[in-house]
Amino acid sequence: MTERTRRRGGGRAARQAQRTAADTTFNTHLQRSLTPVSVLDEAGLAQIEENAETILSEVGVAFQDFPRALELWRDAGADVEGELVRFPRGLCRDIVQTTAPSTYVQHARNPARSVPIGGDATVFVPNYGSPFVSDLDDGRRYATLKDFEQVVKLVWMLPHLHHSGGTVCEPTDVPVNKRHLDMVYAHLRYSDKPLMGSVTAAQRAADSVEMCRIAFGGDLADRTVLTSLINASSPLRWDATMLGAAEVYAQHNQACVISPFILAGAMSPVTVAALSAQALAEALSGMAFCQLVRPGSPVVFGTFASSMSMATGAPTFGTPEAGLAIYVMAELARRVGVPFRSGGQFTSSKAPDAQAAYESASTLLPTMSAGVNFVLHAAGWLEGGLTLSYEKLIMDADQLGMMEVYARGVDMTPNGQAVEAFVTNPHGDHFLGHSHTLANFETAFCQSTIADNNSFEQWSDEGSLDAAQRANRQMRQMLADYEAPPIDDAIDAELRDYIARRKASEPDAIV
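For clarity, every value in this text was computed on a predicted model and none was experimentally measured.

Reading the values: the criteria
- Residues numbered from 1 in each chain as written.
- Predicted model: local features only at pLDDT ≥ 70, side-chain atom pairs only at ≥ 80, totals over all residues.
- Heavy atoms only, no water.
- Phe/Tyr/Trp six-rings, centres within 6.5 Å; stacked < 30°, edge-to-face > 60°.
- Helix = DSSP H or I, 4+ residues; strand = E, 2+ residues; numbered from the N terminus.
- Buried < 20%, exposed > 50% of the residue type's maximum accessible area, 1.4 Å probe, protein only.
- Lys NZ or Arg CZ within 6 Å of the ring centre and 35° of its normal.
- Expected span 1.5 Å × (residues − 1).
- Salt bridge = Lys/Arg side-chain N within 4 Å of Asp/Glu carboxyl O.

Concerning the packing of aromatic side chains
Okay, step 1: This structure, assessed with the given rule, holds 17 aromatic pairs.
Okay, step 2: Relative to F289, the ring of F66 has its centre 6.3 Å away and its plane inclined at 80°; by these criteria the two rings are edge-to-face. Highlighted residues: F66 in the loop between strand 2 (61–63) and helix 3 (67–76) and F289 in helix 9 (residues 272–293), separated in sequence by 223 residues. Just as F66 is buried, F289 falls in that class too.
Okay, step 3: What links up through ring pairs into an aromatic cluster is the set F63, F66, W73, F87 and F289.
Okay, step 4: Directly above the ring of F26 sits R113, whose terminal nitrogen or CZ lies 3.7 Å from the centroid.
Okay, step 5: Over the aromatic face of F132 sits the side chain of R140, whose NZ or CZ is 3.7 Å from the ring centroid.

What about helix 9?
Okay, step 1: Relative to the 32 Å expected for 22 residues at 1.5 Å per residue, helix 9 spans 32 Å between its end C-alpha atoms, a close match to the ideal helical length.
Okay, step 2: The buried count for helix 9 comes to 17 of 22 residues, which makes it a mostly enclosed element.

A look at the pattern of salt bridges
Okay, step 1: Scanning all chains against the criterion turns up 24 salt bridges.
Okay, step 2: Note that E50 is salt-bridged to R89, the shortest N-O span being 2.9 Å. With E50 in helix 2 (residues 42–59) and R89 in the loop between strand 4 (84–86) and helix 4 (91–99), the pair connects residues that are 39 residues apart, well separated along the chain.
Okay, step 3: For R89, a relative accessible area of 42% corresponds to the partly exposed category.
Okay, step 4: As a salt-bridge pair, E81 and R86 come within 3.3 Å of each other at their nearest N and O atoms.
Okay, step 5: Each of D135, D137, R141, D147 and R476 takes part in a single network of salt bridges with overlapping partners.

Here it is, written out as structure tokens:
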């Protein structure tokens, strides 16, 4: 290697270090200026809404093993037959539109990290629910509590992830009935971004609320500090576990993302229009239930919608049908008047490779263009959600930074129009040395911290690293540099005491 090459490589490393250091600044959300794309006209949207009302009134939705829900629906004027509830046309929509807020603020332990949910805001939230993790060093393996804590630390350090998330991976080395305590504590101790609570049992939801009460100084003062995921048992069914968690959160004015989980062809008919009508019906019934529990409690119209291989039954991601579904349901949510959750960076790939990149981009771009508010699984998703990839977490977060620029749209200020530059630049001269270029060059273009744009020779001299290898190196450095956000010692001690008492109150269990 020549002396010149060594100096050039060192300069590039220094510039990367400077950019990484600059990333200590953060935004709490994206403020979109682009008008959301709509793929259906008024007649098409109205027809899907009519179809959803037909599903609600004639087919109905089952509320299983939860008598309190049936009582609430009976009192609200629905037809309850066993566990099946049929709703007069317009009932669910009227309940939601009358009391559910169109926007809300989720408060963070650090007030500067609080995020707006709804309107023109987009909030990026990391991976959720994977039992496995993978990295280039140790391969694919069951996730542990150490993995969970490491992912929380990384997410806290990544400026383009606005939210700490919830079950970023499943810590399988902790008993099922107790791991929620460690997970909520990790979010509260190793991050000060907003978080999600446990939904695997009503008591675990109550524990999440209580731990947040402690972390927020002893009184939530009716603030919404949790936004948690409530999945329907599609098709057209709510189970007691999800209803119990939703009831707890609604009672305490905590937000519920009411999400039908639909693989078209299995949990719904195969077409986008049919899937959308079913998702709307399920979401309306769940959001209305929360409003019956506590009018005014925040809800989010959520959906997880994708396709499947009709040959094998395996879920598929990054398909055009799933992108169209995001556009349609985002518009339906705006017509209801509530925030919308969907999208992310999905892939069926088993590695952070070209397939992963293509499929993730094919979900992320519709997510942005449709105007999604709460983007769960925005970073780290691999293998159809079974695995969180450390490298893909870093790579995906890098792409989220690009989306911040995309969301702002075109700069039409005088500086953006740059008419003076045309007037003062001689014919045929390049603009590299012009005062306008010099004033803007540091911020003119979004710069990736992962991509390599150098010559083949320089890339080769620096180790011929691919994107995943570069992400692995960045991830390891971030973990080495991590410093926890401050927390009051008395609050931390009270949280630890609460966890110890709760764990001692019941034996270990696998459910």
